[in-house]
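Architecture and fold: a report
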Amino acid sequence: MSHVGVGPRAVMRSVAFLTAGVLAVPALAGCTSEDPSGKPLAEQDVAAAARARIADGGTLRWAVDSVPDTLNAFQSDADATTTRVVQAVLPSMYRMDETGSPVRNADYLESAEVVDTEPKQVVVYKLNQQAVWSDGREIGAADFAAQWRALSGKDSAYWTARNAGYDRIQKIERGANDLEVKVTFSRPYADWKALFSPLYPKDVMGTPDAFNDGARRSLEVTAGPFAVKKVDTKSDQVVLTGNPRWWGEPAKLDKIVLRAVPRDERVSELVAGELDLAEIDPETADEVTLAGAPRDPATGTPLMGPEGSPAPGPQGRSAAEALRSWAVANGSDEDAAEEEILAREERREAAAKERRRQKALSGFEVRKSLEPAYTQLALNGSDGPLADERVRRAVARALDREKLAEAVLKPLGLPAEPVGSHLALSGQPAYADGSGALGQQNAKEARALLADAGWVPGGPVKKADEGEKAAGAEKDEKGDKGDKDEKKSDGDDGTYIVGEDNKNGGSGDGGNDDAKDDAKDGADRESGEKLSSGKNTAQGGAPGAYAPKGTAAPAGSAAAPLAKDGKALTLRFVLPSGPGSEALRTVADRITDMLKEIGIGTEITKVPDESYFKDHIAAGEYDLALYSWPASAFPATDARPIYAKPVPAADGSLNVAQNYTRVGTDQVDQLFDRAMTTLDQKEARDLLRKADSRIWAAAGSIPLYQRPQLTVARENLANAGAFGFETPVYEDMGYLKKGAQGSRPSAPAGSSVSPSASSSPSSSSGS
């Protein structure tokens, strides 16, 4: 998830991740006395500590997925590491708080308010008088104006990813003094707090050449607690050091090294002592947890396995197996005895190696929360069976979203509630469970919808001509050729990021070869309820969300394949095949089983990571797919391109923006537009909740669960880990002073505190 201020404004919605009971607010929020936004399902887990407990100095070696191609967050190839760097080195007028809401960043901004709405909306920013760029120049109106001109969309020489919000500005000028910036809008803009986070110096934004090329591999002028020392593509790392002109609380760390480490290699780097902080997969989390578990004093083996299960005995063998081994090794069969003695020696060596590995990992701990992003099932409504909204709704109503959420989150000890909104997550102001517009899981209703659409069980199926596919897969040719795509695969989840198709990711496996070698062994709903029959009795219920009255579900057809016009109802389910994808594999398999219950077949196809998004999702070469979108503090601006109705382009193609399901309505677009222009926050929330209700009814995207966020950190590393909604506070990260953590180990050499602290440090290599 992006965290530049309140989320990097350029890439917040141009980047998509791949990757406690039933919510009880089926009606639109704002219609009940109870706040439907609820609370965040999980708090951040960063080992929070007061600055007084943190030693001065030290290096934090932080694993990232890549060395960024650009440090300009407003360019299309900006990525998550771009975000990390920008958060630490550039101003943001607003940051994200624990509820995913924007809050003023006092280090840069004393105040900001709308001072006029007629005839134009005017916002006045009063800047912190201490705020200066690293070259000594004050941050001021010239920087705001340069960024507006670059991102306004009026000059095509600037290679910008998007201009949302900046295109609504009419002029920017100096206010009453040098510390005031006066911004006048040509049209009302509700999400004005989304602007100027981050803020680049005029040196970067002032000309197209500077914008396009000047901030790709370096940032000479910065204004954060850290500065960019170097972007080292040979060593695959970005080095940040303290900014001597920083006026806020001084950074505790001397240096942050962002190292590009593939996810399936991170556990080996942790064992080798080369990392201090990394996002990890569930398997690595289990291993780290086990390494820190209480041990048998005699054998050194953990007393309990993951999730409290009994741990295996020495060398991972049961008592019976050990007794049998001893008997064979000391038996009369000399050949068998010799073979067993050699095997026992190999097992002892492997066990010793595993103990060393676990000892190395015992200085780490797992920190977990929920990422500010949700995984969805995308239904491509451009053509084929899913072009019929009744089929899409049938698919949606076949899903038990609670069970899908539990499959991913429950084993991790995280809250397993299905997501109820496309536009916000629980705890955010715009959140309300709008899934009632579609209806709860109901296989009988789903089969009735399919019957109404003409799909019947056991219908005649014509023998397909060569190259002809079942319904739902016929449009795919490119995805089925060659040996790169594997059909009926096991799938794979990963942290899949749109625009980063060639980069590793994932909260799934991560599969570590070293670990294996070492171990060896729609419509507005103001009120109403649904009866047990599944029929929508709410006033203004989404038209067509349910089968027409009197449509009977075919009796006894729960598992009978459906067909229409001689073609079986089979949907192509496309998944990435890269490492770290067990979570999506689990979800895809369960969805397949749920669809089978209503007669829908699926053809699972694994495709290479590098082609998954570009050649399949963005190109529309799929029927069903799993990927994730980040949450936004500004859904009216950021979510509109994702759910806007596709429009024909001049060349005859379909301009889908970021709506890769190709499903949209004019009503949703109008609600977004109204929410973007009202300055009444309550009205904006109500409009967004109505838009979400209509998106649910259209059934192009089915939110499933909030993504898990698993990190491993050194036990004495404070204020870093699973950040949840909140923007990281880089100047507060550091290692606890000796004695501040009880019996926890001090930082190792490569990440230790400075000589002024209690232990002697040495910088990590290459930094």
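Reference entry: report on the structure contained in this document. All values reported here derive from a predicted model rather than from experimental measurement.

Each value, and the rule that gives it
- Residues numbered from 1 in each chain as written.
- Predicted model: local features only at pLDDT ≥ 70, side-chain atom pairs only at ≥ 80, totals over all residues.
- Heavy atoms only, no water.
- Helix = DSSP H or I, 4+ residues; strand = E, 2+ residues; numbered from the N terminus.
- Polar contact = N/O pair within 3.5 Å; in protein donor to acceptor, adjacent residues only side chain to side chain.
- Core = buried A, V, L, I, M, F, W, Y, C linked by side-chain atoms within 4.5 Å.
- Buried < 20%, exposed > 50% of the residue type's maximum accessible area, 1.4 Å probe, protein only.
- Pairing = 2+ DSSP bridges.
- Axes fitted to C-alpha atoms, helices over the stretch in contact; angles between N-to-C directions.
- Contact = heavy atoms within 4.5 Å.
- Phe/Tyr/Trp six-rings, centres within 6.5 Å; stacked < 30°, edge-to-face > 60°.
- Parallel < 35°, antiparallel > 145°, perpendicular 65-115°, else oblique.
- Left-handed = near helix turned anticlockwise from the far one by under 90°.
- Salt bridge = Lys/Arg side-chain N within 4 Å of Asp/Glu carboxyl O.

Comments concerning the environment of aspartate 281
With respect to the element layout, aspartate 281 can be found in the loop between β12 (277–279) and α6 (282–291). Sequence-wise, aspartate 281 and aspartate 264 are 17 residues apart; in three dimensions their C-alpha atoms are separated by 8.6 Å. Within the local environment of aspartate 281, its side chain forms a polar contact with the backbone nitrogen of threonine 284, the two atoms lying 2.8 Å apart.

Looking at the nonpolar core
Tyr125, Phe196, Leu240 and Tyr643 are the most contacted members of the largest nonpolar core, which totals 109 residues. The leading source of residues in this core is helix α2 (residues 141–151), at seven residues. Ranked by size, the runner-up nonpolar core spans 61 residues in total, among them Phe364, Leu377, Leu399 and Ile600.

Quick notes on the sheet that holds strand β7 (residues 169–174)
Reading across the sheet, the four strands line up as β5-β6-β8-β7 and stay open at both edges, with antiparallel pairing between neighbours. Since the sheet does not close on itself, it has two edges, and those belong to β5 (109–116) and β7, each with one partner. Taking the axes of each pair of neighbouring strands and ignoring which way they run, one obtains an average angle of 20° across the sheet. Bridge count between β7 and strand β8 (residues 180–185): five bridges; the pairing is antiparallel. In the strand pairing of β8, lysine 171 is matched with threonine 184. Across the sheet, α2 touches β6 (122–127), β7 and β8, and the angle it forms with β7 is around 160°.

Some thoughts on the sheet that holds strand β14 (residues 456–457)
If you trace the three strands from one edge of the open sheet to the other, you get β14-β17-β18, paired in antiparallel fashion. In this open sheet, the two edge strands, each paired with only one partner strand, are β14 and β18 (567–568). Across two bridges, the pairing between β14 and strand β17 (residues 562–564) is antiparallel. Across the sheet, the residue bridging to valine 456 is alanine 563, located in β17.

A word on the packing of aromatic side chains
If you walk through the whole model with that rule in mind, you get 19 aromatic pairs. A ring pair is formed by tryptophan 62 and tyrosine 730, whose centres lie 6.1 Å apart and whose planes are at 35°; its orientation type is tilted. A single burial state applies to tryptophan 62 and to tyrosine 730, both of which are buried. Aromatic pair tyrosine 125 and tryptophan 192: ring centres 6.2 Å apart, planes at 80°, arrangement edge-to-face. Pair noted here: tyrosine 125 is in strand β6 and tryptophan 192 is in the loop between β8 and α3 (202–205), with a separation of 67 residues, a long-range link. Residue classification places tryptophan 192 among the buried residues on the basis of a relative accessible area of 7%.

Comments concerning the packing of helix α17 (residues 666–677) against helix α18 (residues 681–698)
Contact geometry for α17 and α18: axes closest at 9 Å, N-to-C directions at 165°. By the criterion of interaxial angle, the relationship of α17 to α18 is roughly antiparallel. Where α17 crosses over α18, the handedness of that crossing is left-handed. Mapping the contact onto sequence places Gln667, Val668, Leu671, Phe672, Arg674 and Ala675 in α17 and Ala684, Leu687, Leu688, Lys690, Ala691, Arg694 and Ile695 in α18.

Quick look at the side chain of serine 435
Looking at the secondary structure, you find serine 435 in the loop between α10 (401–409) and α11 (443–452). Within polar-contact distance, the side chain of serine 435 engages the side chain of aspartate 433 at 2.7 Å. With residues up to four places along the chain from it excluded, the contact list for serine 435 reads Arg401, Gly420 and Trp696.

Digging into α11
Those residues of α11 that fall on the buried side of the exposure criterion are Glu445, Ala446, Arg447, Ala448, Leu449 and Leu450. Along its buried surface, α11 packs onto α9 (389–398) and β17. At the N-terminal end of α11, a side-chain oxygen is found 3.1 Å from the backbone nitrogen of lysine 444, two or three residues along, and the residue is asparagine 442. In the stretch just after α11, glycine 454 is the one whose phi turns positive, near 95°.

Some points on the pattern of salt bridges
One pass over the full model with this rule turns up 29 salt bridges. A salt bridge links aspartate 77 to arginine 216; the shortest N-O distance between them is 2.4 Å. In this pair, aspartate 77 is assigned in the loop between β2 (59–64) and α1 (80–89) and arginine 216 in the loop between α4 (208–213) and β9 (226–232), connecting sequence segments 139 residues apart. Here glutamate 365 makes a salt bridge to arginine 367, at a shortest N to O gap of 2.8 Å. Overall, the relative accessible area of 18% leaves glutamate 365 in the buried class. Overall, the relative accessible area of 1% leaves arginine 367 in the buried class. Beyond isolated ion pairs, a larger network of salt bridges with shared partners links Asp65, Arg263, Arg266 and Glu279.

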